Amino acid sequence: MWVPLHAVCLRSQRVCRRSVAAAVSQCFRHRDASVSHFSHSAGLSAQTCKALVYRTHGDPSRVVQLEGVELPSLGAKDVLVKVLAAPINPSDINMIQGTYAILPDLPAVGGNEGVAQVVEVGSQVKSLKTGDWVIPKDAGLGTWRTQAVLPEEDVISVPNDLPLVSAATLGVNPCTAFRMLSDFEDLKPGDSVIQNAANSGVGQAVIQIAAARGINTINVIRDRPEFTELSDKLKAIGASHVIREEALRKHEIKELFKTCPKPKLALNGVGGKSATELLRHLQIGGSMVTYGGMSKQPVTVPVSALIFKDAKVRGFWVTQWKRDHSHDGRAFRAMLDELCSLIKQGKLTAPTCTEVGLQQYHAALDTAMQPFISTKQVLVM
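Because the structure is a prediction, the values reported are computed rather than measured. (Residues numbered from 1 in each chain as written. Predicted model: local features only at pLDDT ≥ 70, side-chain atom pairs only at ≥ 80, totals over all residues. Heavy atoms only, no water.)

**Considerations on the environment of Ala85**
No. 1: Residue position: Ala85 is located in strand E6 (residues 78–87).
No. 2: For the pair Ala85 and Glu113, spaced 28 residues apart in sequence, the C-alpha separation works out to 8.9 Å.
No. 3: In contact with Ala85, other than residues within four places in its own chain, are Gly114, Val115, Leu164, Ala168, Val378, Leu379, Val380 and Met381. (Helix = DSSP H or I, 4+ residues; strand = E, 2+ residues; numbered from the N terminus. Contact = heavy atoms within 4.5 Å.)

**A look at the sheet that holds strand E15 (residues 241–244)**
No. 1: Spatially, six strands are ordered E15-E14-E13-E16-E17-E18 in an open sheet, and the strand pairing comes out parallel. With partners counted over all chains shown, the strands left at the sheet margins are E15 and strand E18 (312–315), one partner each. In this sheet, neighbouring strand axes are inclined to one another by 20° on average, regardless of whether the strands run parallel or antiparallel.
No. 2: Across three bridges, strand E13 (residues 192–195) lies against strand E16 (residues 265–268) in parallel orientation. Of the residues in E16, the one forming a bridge with Val193 is Leu265.
No. 3: Of the strands in this sheet, strand E14 (216–221) and E15 are in contact with helix H7 (residues 227–236), which crosses E15 at around 155°. (Pairing = 2+ DSSP bridges. Axes fitted to C-alpha atoms, helices over the stretch in contact; angles between N-to-C directions.)

**Side note on the packing of helix H5 (residues 173–183) against helix H12 (residues 330–344)**
No. 1: Interhelical geometry of H5 versus H12 gives an angle of 105° and a closest axis separation of 11 Å. When the axes of H5 and H12 are compared, the pair comes out roughly perpendicular. Within the contact between the two elements, H5 uses Pro174, Cys175, Phe178 and Arg179 and H12 uses Phe332, Met335, Leu336, Glu338 and Leu339.
No. 2: Here the residues of the contact of H5 with H12 sort into seven nonpolar, no polar and two charged. (Parallel < 35°, antiparallel > 145°, perpendicular 65-115°, else oblique. Nonpolar A, V, L, I, M, F, W, Y, C, P; charged D, E, K, R; others polar.)

**Description of the packing of aromatic side chains**
No. 1: Applying the stated criterion across every chain yields a total of three aromatic pairs.
No. 2: With centroids separated by 6.0 Å and ring planes inclined at 75°, the aromatic side chains of Tyr100 and Trp317 adopt a geometry described as edge-to-face. On the criterion of sequence distance, the pair formed by Tyr100 in the loop between helix H3 (90–97) and strand E7 (102–104) and Trp317 in the loop between E18 and helix H11 (318–324) is long-range, its members being 217 residues apart.
No. 3: The partly exposed category is assigned to Trp317, whose relative accessible area is 26%.
No. 4: Ring centres of Phe184 and Phe316 lie 6.2 Å apart, and the angle between their planes is 90°; on these two criteria the pair is classed as edge-to-face. (Phe/Tyr/Trp six-rings, centres within 6.5 Å; stacked < 30°, edge-to-face > 60°. Buried < 20%, exposed > 50% of the residue type's maximum accessible area, 1.4 Å probe, protein only.)

Here you go:
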């Protein structure tokens, strides 16, 4: 099964959703050198899958290994799934390195996102059937594996006619973009949003969801030799304006605001000086929402932005949003339905991805760790 978030602890609070450290430890007692034994139930079947396992935190290229993992028996409220595809996200890398906000008990299977097909259902499963596609409801399920047995309550269905890569990358970046565009400012058609890291997975989702709502996007990217090519690509998916970071302090930004309203909302995935520059161009009373920090520099908020602009400085983490709404799945379901509708209409596409076989995981991890990489690595099982 996917190593469940039952085993994921909030390290700062040392609190687990469910304590299974002992169970996971027991599952890793080897009967032979090639098979590991994961379980969330007492019985074990003879069926095994392949999984990318790490037993210690560190450099992913060193600590992650492809292993055979024994699958548990199917419980009455469990589903057996075949994992179809799972991306490598920055949060996955940070978990393996041991630097993320939540860390699974070790040993663990990597991967927080992906899409799987239901192969078999337990006798008391009601919401799913054989052939359904599902994605994780929460982080930490360990999606870098070929098969899994997991509780029905840990996954949610998505249409099985979506493009594979779109389904595999649906649960994190599009959901992050959707919530930030929905929850912080009352945006109307014709309003503007400014964002850095516009070529990231979240950035591309923001562009497309905003365009579908008639909202202008001012998209900031680092200067590079292929700037024009990247700018054209972002405009092709709906970007209203694409500018270099250096332009935020130059005359051209003033010219832009003669034809485009100043943004009500700024989305920061970089931090450092880039975030400070976004704040300078907000409307009075607008919000800057930070969801990432690729520069690894702190966000500095000028006093003038707080006093004279009454700027609101907020943060967003989609994992926390999912947990806050886990008691009532209607908000998550409604969001997924709207995102899937946009995908089917051709208004929301996956970011540029490279599909890589599970056996080539070393190369995929190495590529995913390169700075400012624009192509997402997706493990295809």
